[in-house]
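Breakdown of the fold
As a plain string of letters, each chain reads:
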Amino acid sequence: MRPLDEKETAAVFEKLFKFTGPNLKHIVDRPAVEGPDDPPGRYCFRLHKNRVYYASESLVRRSTNVSRGRLAGVGTCIGKFTHHGAFRLTVQALDLLAAHARHKVWLKPTAEMSFLYGNSVVKSGLGRITDSVKSGDGVVIFSMTDVPLGFGVAARSTQDCRKAHADAIVVNHQADAGEYLRNEAEL
(Lines give C-alpha, C1' and ligand atoms only; values in the text may rest on other atoms or scores of the structure.)
Protein backbone atom coordinates (compact mmCIF):
# COMPACT_ATOMS: atom_id res chain seq x y z
CA MET A 1 0.00 0.00 0.00
CA ARG A 2 1.45 3.32 -1.04
CA PRO A 3 0.37 6.95 -1.48
CA LEU A 4 -0.78 8.03 -4.94
CA ASP A 5 1.77 9.73 -7.18
CA GLU A 6 0.99 13.04 -8.92
CA LYS A 7 -0.42 11.48 -12.09
CA GLU A 8 -2.64 9.07 -10.15
CA THR A 9 -3.81 11.81 -7.77
CA ALA A 10 -4.75 14.02 -10.71
CA ALA A 11 -6.76 11.20 -12.31
CA VAL A 12 -8.61 10.40 -9.07
CA PHE A 13 -9.35 14.04 -8.23
CA GLU A 14 -10.48 14.77 -11.79
CA LYS A 15 -13.00 11.93 -11.65
CA LEU A 16 -14.22 12.88 -8.16
CA PHE A 17 -14.48 16.54 -9.17
CA LYS A 18 -16.78 15.55 -12.02
CA PHE A 19 -19.33 14.36 -9.44
CA THR A 20 -18.66 16.60 -6.43
CA GLY A 21 -17.42 19.87 -7.92
CA PRO A 22 -16.13 22.28 -5.29
CA ASN A 23 -17.30 19.86 -2.57
CA LEU A 24 -14.16 17.83 -3.28
CA LYS A 25 -12.34 19.88 -0.65
CA HIS A 26 -14.74 18.47 1.99
CA ILE A 27 -13.70 14.94 1.03
CA VAL A 28 -9.99 15.75 1.17
CA ASP A 29 -10.07 17.87 4.36
CA ARG A 30 -12.55 15.68 6.25
CA PRO A 31 -11.31 14.86 9.78
CA ALA A 32 -11.25 11.17 10.63
CA VAL A 33 -13.58 9.87 13.31
CA GLU A 34 -12.06 6.45 13.96
CA GLY A 35 -8.79 5.32 15.39
CA PRO A 36 -7.12 4.97 18.77
CA ASP A 37 -4.99 8.07 18.32
CA ASP A 38 -5.94 11.13 20.33
CA PRO A 39 -6.15 13.34 17.27
CA PRO A 40 -7.36 10.70 14.78
CA GLY A 41 -6.03 12.66 11.79
CA ARG A 42 -7.55 12.96 8.35
CA TYR A 43 -8.66 10.70 5.56
CA CYS A 44 -6.24 9.92 2.76
CA PHE A 45 -6.06 8.03 -0.53
CA ARG A 46 -3.87 4.95 -0.88
CA LEU A 47 -3.16 2.61 -3.80
CA HIS A 48 -3.00 -1.16 -3.35
CA LYS A 49 -3.12 -3.65 -6.25
CA ASN A 50 -4.45 -1.03 -8.74
CA ARG A 51 -7.30 -0.12 -6.37
CA VAL A 52 -7.64 3.26 -4.68
CA TYR A 53 -8.73 3.23 -1.03
CA TYR A 54 -10.11 6.08 1.08
CA ALA A 55 -9.06 5.48 4.68
CA SER A 56 -8.11 7.33 7.83
CA GLU A 57 -4.42 7.93 8.45
CA SER A 58 -4.71 6.02 11.71
CA LEU A 59 -6.01 2.93 9.92
CA VAL A 60 -3.29 3.20 7.26
CA ARG A 61 -0.59 3.36 9.95
CA ARG A 62 -1.97 0.24 11.62
CA SER A 63 -2.16 -1.61 8.29
CA THR A 64 1.62 -1.41 7.88
CA ASN A 65 1.85 -4.35 10.30
CA VAL A 66 0.34 -6.62 7.62
CA SER A 67 2.46 -7.75 4.68
CA ARG A 68 1.44 -6.56 1.21
CA GLY A 69 0.66 -10.06 0.01
CA ARG A 70 -1.76 -10.71 2.84
CA LEU A 71 -3.41 -7.27 2.89
CA ALA A 72 -6.80 -7.41 1.15
CA GLY A 73 -7.65 -3.73 1.51
CA VAL A 74 -7.92 -0.83 3.94
CA GLY A 75 -10.84 1.56 4.20
CA THR A 76 -13.31 2.08 1.36
CA CYS A 77 -12.31 1.10 -2.17
CA ILE A 78 -13.49 4.03 -4.28
CA GLY A 79 -12.15 2.94 -7.64
CA LYS A 80 -9.49 1.19 -9.62
CA PHE A 81 -6.97 1.89 -12.33
CA THR A 82 -7.43 -0.05 -15.54
CA HIS A 83 -4.55 -1.77 -17.34
CA HIS A 84 -4.27 1.29 -19.60
CA GLY A 85 -3.94 3.67 -16.65
CA ALA A 86 -7.43 5.19 -16.68
CA PHE A 87 -9.23 5.59 -13.35
CA ARG A 88 -12.73 4.15 -12.94
CA LEU A 89 -14.99 4.81 -9.96
CA THR A 90 -16.62 1.72 -8.48
CA VAL A 91 -19.96 1.36 -6.74
CA GLN A 92 -18.26 1.37 -3.34
CA ALA A 93 -17.71 5.13 -3.80
CA LEU A 94 -21.47 5.70 -3.90
CA ASP A 95 -21.83 6.71 -0.23
CA LEU A 96 -18.97 9.18 -0.52
CA LEU A 97 -20.34 10.67 -3.74
CA ALA A 98 -23.92 10.82 -2.44
CA ALA A 99 -22.89 12.83 0.61
CA HIS A 100 -21.01 15.42 -1.48
CA ALA A 101 -22.82 15.34 -4.85
CA ARG A 102 -23.20 18.52 -6.84
CA HIS A 103 -25.86 17.25 -9.29
CA LYS A 104 -28.59 14.81 -8.31
CA VAL A 105 -31.33 12.90 -10.11
CA TRP A 106 -34.32 11.28 -8.40
CA LEU A 107 -36.04 8.32 -10.03
CA LYS A 108 -39.70 7.35 -9.96
CA PRO A 109 -40.34 4.05 -8.16
CA THR A 110 -41.20 2.37 -11.48
CA ALA A 111 -37.77 3.19 -12.93
CA GLU A 112 -35.65 2.14 -9.95
CA MET A 113 -35.49 -1.56 -10.81
CA SER A 114 -34.56 -0.85 -14.42
CA PHE A 115 -31.64 1.29 -13.26
CA LEU A 116 -30.55 -1.28 -10.67
CA TYR A 117 -30.41 -3.89 -13.46
CA GLY A 118 -27.81 -1.77 -15.24
CA ASN A 119 -29.93 0.24 -17.68
CA SER A 120 -29.63 3.96 -18.34
CA VAL A 121 -32.25 6.41 -17.05
CA VAL A 122 -34.93 7.47 -19.53
CA LYS A 123 -37.03 10.61 -19.22
CA SER A 124 -40.21 8.72 -18.33
CA GLY A 125 -38.49 7.42 -15.16
CA LEU A 126 -37.17 10.81 -14.10
CA GLY A 127 -38.75 12.13 -10.91
CA ARG A 128 -36.67 15.27 -10.30
CA ILE A 129 -33.36 16.70 -11.42
CA THR A 130 -31.26 19.49 -9.96
CA ASP A 131 -31.03 22.70 -11.94
CA SER A 132 -27.96 23.65 -13.96
CA VAL A 133 -27.05 20.09 -14.98
CA LYS A 134 -25.15 20.13 -18.27
CA SER A 135 -24.60 17.28 -20.68
CA GLY A 136 -21.54 15.32 -19.57
CA ASP A 137 -21.80 16.22 -15.87
CA GLY A 138 -21.54 13.50 -13.27
CA VAL A 139 -24.82 12.89 -11.41
CA VAL A 140 -25.76 10.75 -8.43
CA ILE A 141 -29.05 8.89 -8.78
CA PHE A 142 -31.42 8.65 -5.80
CA SER A 143 -34.79 7.05 -5.21
CA MET A 144 -37.65 9.41 -4.35
CA THR A 145 -37.01 8.55 -0.68
CA ASP A 146 -33.39 9.83 -0.97
CA VAL A 147 -31.71 6.43 -0.98
CA PRO A 148 -28.61 6.54 -3.23
CA LEU A 149 -28.95 4.00 -6.04
CA GLY A 150 -25.92 4.73 -8.22
CA PHE A 151 -24.25 7.29 -10.42
CA GLY A 152 -23.79 8.12 -14.06
CA VAL A 153 -23.17 10.83 -16.62
CA ALA A 154 -25.88 13.23 -17.77
CA ALA A 155 -26.74 12.67 -21.42
CA ARG A 156 -28.86 15.83 -21.59
CA SER A 157 -28.95 19.14 -19.77
CA THR A 158 -31.80 20.08 -17.44
CA GLN A 159 -33.35 22.28 -20.13
CA ASP A 160 -33.10 19.53 -22.77
CA CYS A 161 -34.76 17.04 -20.41
CA ARG A 162 -37.90 19.13 -20.28
CA LYS A 163 -38.22 19.08 -24.08
CA ALA A 164 -37.09 15.47 -24.62
CA HIS A 165 -39.26 12.55 -25.70
CA ALA A 166 -40.38 10.11 -22.97
CA ASP A 167 -38.03 7.38 -24.26
CA ALA A 168 -34.97 9.64 -24.50
CA ILE A 169 -31.96 8.70 -22.37
CA VAL A 170 -31.32 11.32 -19.68
CA VAL A 171 -28.49 9.72 -17.67
CA ASN A 172 -26.03 7.12 -18.93
CA HIS A 173 -25.42 4.37 -16.40
CA GLN A 174 -21.97 4.00 -14.80
CA ALA A 175 -22.51 2.13 -11.54
CA ASP A 176 -25.44 1.08 -9.35
CA ALA A 177 -26.12 -0.75 -6.11
CA GLY A 178 -27.19 -3.85 -8.08
CA GLU A 179 -23.54 -4.45 -8.97
CA TYR A 180 -23.05 -5.91 -5.51
CA LEU A 181 -25.08 -8.89 -6.74
CA ARG A 182 -24.10 -8.94 -10.43
CA ASN A 183 -20.33 -8.60 -9.91
CA GLU A 184 -20.04 -10.22 -6.52
CA ALA A 185 -16.77 -12.04 -7.20
CA GLU A 186 -15.07 -9.00 -8.76
CA LEU A 187 -15.82 -6.50 -5.98
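In this text, all values refer to a predicted model and were calculated from it rather than measured experimentally. (Residues numbered from 1 in each chain as written. Predicted model: local features only at pLDDT ≥ 70, side-chain atom pairs only at ≥ 80, totals over all residues. Heavy atoms only, no water.)

1. Comments concerning the domain arrangement of the chain
For the chain, the assigned domains are domain 1 (2–96) and domain 2 (103–183). Across the boundary between the two partners, domain 1 contributes nine residues, which contact 17 residues of domain 2. Carbon and sulfur atoms make up 66% of the area that domain 1 and domain 2 hide from each other, which totals about 980 Å². Of all elements in the fold, only helix H1 (6–20), strand S5 (87–89) and helix H4 (94–100) reach the threshold of two or more residues within the side of domain 1 that touches domain 2. Residues belonging to the side of domain 1 that touches domain 2 are distributed by class as follows: four nonpolar, two polar and three charged. (Domains from an automatic or database assignment. Contact = heavy atoms within 4.5 Å. Buried area = accessible area lost by both parts, 1.4 Å probe. Helix = DSSP H or I, 4+ residues; strand = E, 2+ residues; numbered from the N terminus. Nonpolar A, V, L, I, M, F, W, Y, C, P; charged D, E, K, R; others polar.)

2. Some remarks on the pattern of salt bridges
The full count for this structure, using the stated rule, is three salt bridges. A salt bridge links Arg 2 to Glu 8, with the shortest nitrogen-to-oxygen separation between them at 2.8 Å. Here Asp 176 makes a salt bridge to Arg 182, at a shortest N to O gap of 2.9 Å. Taking the relative accessible area as the measure of exposure, Asp 176 reaches 0% and is therefore buried. (Salt bridge = Lys/Arg side-chain N within 4 Å of Asp/Glu carboxyl O. Buried < 20%, exposed > 50% of the residue type's maximum accessible area, 1.4 Å probe, protein only.)

3. A closer look at the nonpolar core
Ranked by size, the top nonpolar core spans 28 residues in total, and within it Val 52 and Ile 78 carry the most contacts. When contributions to this core are tallied by element, the ones reaching two or more residues are H1, helix H2 (24–28), strand S2 (43–48), strand S3 (51–56), strand S4 (76–81), S5, H4 and strand S9 (138–143). The dominant element in this core, judged by the number of residues it contributes, is H4, at four residues. Both domain 1 (2–96) and domain 2 (103–183) contribute no fewer than three residues apiece to this core. Excluding its chain neighbours within four sequence positions, the residues that come into contact with Val 52 are Leu 4, Val 12, Phe 45, Arg 46, Leu 47, Thr 76, Cys 77, Ile 78, Gly 79, Phe 81 and Phe 87. Counting residues in each nonpolar core, the second largest holds 15 residues, with Val 105, Val 133, Ile 141 and Val 170 among its members. (Core = buried A, V, L, I, M, F, W, Y, C linked by side-chain atoms within 4.5 Å.)

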